[in-house]
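Close look at the chain arrangement
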Amino acid sequence: MSENSSFPADGPDVRREIIETARALSRLGLTKGTSGNVSARINSGFLVTPSGTPYEDLREDKIVAMDLDGCYRGDVLPSSEWRMHLDFYLAKPACGAVVHCHSPRATALACHRRGIPAFHYMVALAGGDRIECADYATFGTRALSEAMAAALGERNACLLANHGQIAGGPTLGKALSVAEGVEDLADQYLSALTLGDPVILDATEMANILKKFKSYGKQTNELEDGQAAAFELPKRVG
Ligand SMILES: [Zn+2]
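Residues numbered from 1 in each chain as written. Predicted model: local features only at pLDDT ≥ 70, side-chain atom pairs only at ≥ 80, totals over all residues. Heavy atoms only, no water.

**What to know about helix 2 (residues 82–91)**
By the criterion of burial, helix 2 is predominantly enclosed, with eight of the 10 residues buried. Every buried residue of helix 2 is accounted for by W82, R83, M84, H85, L86, D87, F88 and Y89. (Buried < 20%, exposed > 50% of the residue type's maximum accessible area, 1.4 Å probe, protein only. Helix = DSSP H or I, 4+ residues; strand = E, 2+ residues; numbered from the N terminus.)

**Describing the packing of aromatic side chains**
Ring pairs (aromatic) are described by centroid distance and by the angle formed between their planes. Using the criterion set out here, one finds three aromatic pairs in the structure. With a centroid separation of 5.0 Å and 35 degrees between ring planes, the pair formed by F119 and Y189 is classed as tilted. In this pair, F119 sits in the loop between helix 3 (104–110) and strand 6 (133–134) while Y189 sits in helix 5 (residues 172–193), placing the two residues 70 residues apart along the sequence. When sorted by exposure, F119 lands in the same class as Y189, which is buried. (Phe/Tyr/Trp six-rings, centres within 6.5 Å; stacked < 30°, edge-to-face > 60°.)

**Considering the layout of surface pockets**
Taken as a whole, the largest pocket spans an internal volume of roughly 750 Å³. Residue assignment for the lining of the largest pocket shows that the elements contributing at least two residues are strand 8 (164–169), helix 5 and helix 6 (203–213). Ranked by residue count, the leading element in the lining of the largest pocket is helix 5, at four residues. The class makeup of the residues in the lining of the largest pocket is 12 nonpolar, six polar and six charged. Structurally, the lining of the largest pocket is a two-domain feature, drawing no fewer than three residues from each of domain 1 (12–193) and domain 2 (204–233). (1 Å grid on protein atoms, 1.4 Å probe; cavity = no way out; pocket = protein on both sides within 12 Å on 5 of 7 lines; lining within 4 Å. Points joined across faces, edges and corners; volume = space filled by probe spheres on them. Nonpolar A, V, L, I, M, F, W, Y, C, P; charged D, E, K, R; others polar. Domains from an automatic or database assignment.)

**Observations concerning the domain arrangement of the protein**
The domain architecture assigned to the protein consists of domain 1 (12–193) and domain 2 (204–233). The straight-line distance from the C-alpha centre of domain 1 to that of domain 2 is 28 Å. Facing the nine residues of domain 1 at the interface are four residues of domain 2. Interface of domain 1 and domain 2: buried area, both sides summed, is about 540 Å²; carbon and sulfur atoms make up 90% of it. One can count zero residue pairs in polar contact (both at pLDDT 80 or more) joining domain 1 with domain 2. The residue makeup of the side of domain 1 that touches domain 2, split by class, is six nonpolar, two polar and one charged. (Contact = heavy atoms within 4.5 Å. Buried area = accessible area lost by both parts, 1.4 Å probe. Polar contact = N/O pair within 3.5 Å; in protein donor to acceptor, adjacent residues only side chain to side chain.)

**Observations concerning the sheet that holds strand 8**
Reading across the sheet, the eight strands line up as 4-3-2-1-5-8-7-6 and stay open at both edges, with mixed pairing between neighbours. Each having just a single partner strand, strand 4 (72–73) and strand 6 make up the two edges of the open sheet. Both strand 7 (residues 157–160) and strand 8 contribute to a ladder of four bridges, which runs antiparallel. Its bridge partner being in strand 8, C158 is matched across the sheet by I166. (Pairing = 2+ DSSP bridges.)

**Concerning helix 6**
Every α-helical turn comprises 3.6 residues, leaving residues that sit three or four positions apart pointing alike. Looking only at helix 6, the buried set comprises M206, I209 and F213. Projected down its long axis, helix 6 shows its buried positions confined to an angular sector of 55 degrees, all on one face. Between the side-chain oxygen at the start of helix 6 and the backbone nitrogen of T204 there is a gap of 3.3 Å, and the oxygen is on D202. (Arc of directions from axis to C-beta.)

**Observations regarding the coordination of the zinc ion**
Around the zinc ion, the protein contributes the donor atoms E81 (OE), H100 (NE2), H102 (NE2) and H163 (NE2), at 2.1 to 2.6 Å from the metal centre. The coordination sphere of the zinc ion comprises four donor atoms, whose angles at the metal cover 82 to 154 degrees; the geometry is irregular. (Donors = N, O, S within 2.8 Å, 3.2 Å for Na, K, Ca; no water. Tetrahedral: all angles 85-135°; square planar, octahedral: opposite > 155°, others 65-115°.)

**Some thoughts on the pattern of salt bridges**
Scanning all chains against the criterion turns up five salt bridges. Among the ionic pairs, R105 bridges to D187, the shortest N-O distance being 2.8 Å. Of the two residues, R105 sits in helix 3 while D187 sits in helix 5, which places them 82 residues apart along the sequence. R105 sits in the partly exposed class, given a relative accessible area of 33%. D187 gets classed as partly exposed once you look at its relative accessible area, which sits at 33%. Measuring nitrogen to oxygen at the nearest pair gives 3.2 Å for the salt bridge that ties R130 to E132. A relative accessible area of 26% places R130 in the partly exposed class. (Salt bridge = Lys/Arg side-chain N within 4 Å of Asp/Glu carboxyl O.)

See below:
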């Protein structure tokens, strides 16, 4: 498959960043042991963490290079979940990084095969008005990848039934932050459910929130014309 120059070339920097992101998964409580995996797009495909290696033993040369046909290079086998990473990139050509983990609260919800509805406006962080839970399929299979792609739709994260969650973003930092956000939402949703079913925001309000998220975190020079006024940003006087 041809090279894509909008992503970096393979090299020690991106391999190091993958290792740091994998270690951050443990540090943030999003994974234990070797159950999470991390990948980043490069111009010839993507780099992914190896199969069954504790994060403290990861080194740059253990990160596995794969192409977008699903072939790998070198002596180290890629993560058993490599196919979900590949299919995430194929479904979302602009996506630069993917994080998969069995974070405890998201996994608890996924074991009930429940997604996260708009009980809180922050579900918009995944790019839609709810976060779906993918149908169950055995880990590492094409069937699981297909279920993931169906649950993602236009969004950049989903739960995986009886398994965990997967999240993507333009960079490793953004993908990690979406995974962290999904875990926080799952935690808050499970807490809210202890008092019964929480109030769900309606489609009109979520459409408004999704529009507003396009300006969220941006400086005024990054906004499109009229966005500052439309989204009630404060007026600059000096
Ligand atoms: Zn997994």
